[in-house]
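# Architecture and fold: a report
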Amino acid sequence: MIYKTKGVCSTQIEINVNGDTIENVKFVAGCPGNLLGISSIVKGMKVDEVINKFKGIRCGSKQTSCPDQLSKALEAYKSLKK
């Protein structure tokens, strides 16, 4: 799945999910070290667990963040599965 982000430095998130487990996440653009760290942390985690941990996180004065955008991408993924 490719998710176009909104309101953050990263332009999109590429996500591979197997069942309800995240296999791989790749952020395009943004803060490389932080986003590589997030991608590494969520690998092998359940979709709902990542949504619960990252939803609502803000970046400074922005209304969203890259982790929050990942949670929105995973919610969109779940909607598509239904």
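Everything numeric in this text was worked out from a predicted model, so none of it was measured.

### Structural notes on the overall build of the chain
Along the backbone of the chain there are three helices and three strands. Ordered by position in the sequence, the α and β elements of the chain form the string β-β-β-α-α-α. Its C-alpha atoms give the chain a radius of gyration of 11 Å, near enough to 12 Å, the size a compact globule of 82 residues would have. Its C-alpha atoms give the chain principal-axis dimensions of roughly 35 × 20 × 20 Å. Expressed as a percentage of its 82 residues, the buried residues of the chain come to 39%. By sequence separation, contacts in the chain at least 24 residues apart represent 41% of the contacts at least 6 residues apart. When the accessible area of the chain is evaluated, it comes to approximately 4900 Å², of which 54% is carbon and sulfur surface. Across the chain, the mean location of the 13 positive side-chain charges is 5 Å away from that of the 7 negative side-chain charges.

### Some details on the sheet that holds strand E1 (residues 2-4)
As summarised here, the arrangement of the three strands in space is E1-E2-E3, forming an open sheet in which the pairing is antiparallel. With one partner strand each, in any of the chains shown, E1 and strand E3 (21-28) form the two edges of the open sheet. With strand direction ignored, the average angle separating the axes of adjacent strands in the sheet is 20°. Note: E1 against strand E2 (residues 12-18), three bridges, orientation antiparallel. Counterpart to Ile2 in the pairing with E2 is Glu14. Helix H3 (residues 66-81) rests against E1, E2 and E3 of the sheet, and its axis sits at about 50° to E2.

Cut-off values and rules
- Residues numbered from 1 in each chain as written.
- Predicted model: local features only at pLDDT ≥ 70, side-chain atom pairs only at ≥ 80, totals over all residues.
- Heavy atoms only, no water.
- Helix = DSSP H or I, 4+ residues; strand = E, 2+ residues; numbered from the N terminus.
- Rg over C-alpha atoms; globule rule 2.2 N^0.38 Å.
- Buried < 20%, exposed > 50% of the residue type's maximum accessible area, 1.4 Å probe, protein only.
- Contact = heavy atoms within 4.5 Å.
- Areas by Shrake-Rupley, 256 points an atom, 1.4 Å probe, with all protein chains shown as cover.
- Lys, Arg positive; Asp, Glu negative; His and termini not counted.
- Charge placed at Lys NZ, Arg CZ, Asp CG, Glu CD.
- Pairing = 2+ DSSP bridges.
- Axes fitted to C-alpha atoms, helices over the stretch in contact; angles between N-to-C directions.

Read these as spatial facts, not as claims about activity.
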